Amino acid sequence: MTDREIGFEACINAIGRDFYYSHKEHSVFSCGEEEKGLLCYLGINTGEDSTSGLRLTNDAKWEYSASCYVNDGKVVMDFVKAPTFL
């Protein structure tokens, strides 16, 4: 498994697999190299057309998101804003 795939799986697990697959059509995933390793980011909005016009640089507009760094297969979670289920 590549670092990108590992990061993707880590972000999905952090937000919740069932939640991600229920809203994946309104999600975005991206990666980029940084000093700490490969930065992976997953953002999800739950409304229709909610991802139009959003970019990874304005994460305050994403309802739910997770990011992590992956370096040689090792994951360090950076930030998680996951849904809360009652």
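Preceding this section is the structure that the text describes.
Since we're looking at a predicted model, the values are computed, not measured.

A. Molecular detail of the pattern of salt bridges. Applying the stated criterion across every chain yields a total of one salt bridge. Note that Arg17 and Glu9 form a salt bridge whose closest N and O atoms lie 2.9 Å from each other. Under the relative-accessibility criterion, Arg17 is labelled partly exposed at 33%.

B. Geometry of a nonpolar patch on the surface. Taken together, the side chains of Val75, Met77 and Val80 make up a nonpolar region of the molecular surface, amounting to roughly 210 Å² of accessible area. Structurally, the position occupied by Val75 is in strand β4 (residues 74–81).

C. Inspection of the sheet that holds strand β3 (residues 64–71) at higher detail. Read from one edge to the other, the open sheet built from four strands follows the order β1-β2-β3-β4, with strand pairing classed as antiparallel. Bordering the open sheet on either side are β1 (27–34) and β4, each of which pairs with just one other strand. Strand-to-strand twist of the sheet, defined as the mean angle between neighbouring strand axes without regard to direction, takes the value 15°. Summarising the sheet, strand β2 (residues 37–44) and β3 pair through seven bridges and their orientation is antiparallel. In the strand pairing of β3, Cys40 is matched with Cys68.

Reading the values: rules and limits
Residues numbered from 1 in each chain as written. Predicted model: local features only at pLDDT ≥ 70, side-chain atom pairs only at ≥ 80, totals over all residues. Heavy atoms only, no water. Salt bridge = Lys/Arg side-chain N within 4 Å of Asp/Glu carboxyl O. Buried < 20%, exposed > 50% of the residue type's maximum accessible area, 1.4 Å probe, protein only. Patch = residues over 30% accessible without salt bridge, like charges linked within 9 Å, V, L, I, M, F, W, Y side chains within 5 Å. Areas by Shrake-Rupley, 256 points an atom, 1.4 Å probe, with all protein chains shown as cover. Helix = DSSP H or I, 4+ residues; strand = E, 2+ residues; numbered from the N terminus. Pairing = 2+ DSSP bridges. Axes fitted to C-alpha atoms, helices over the stretch in contact; angles between N-to-C directions.

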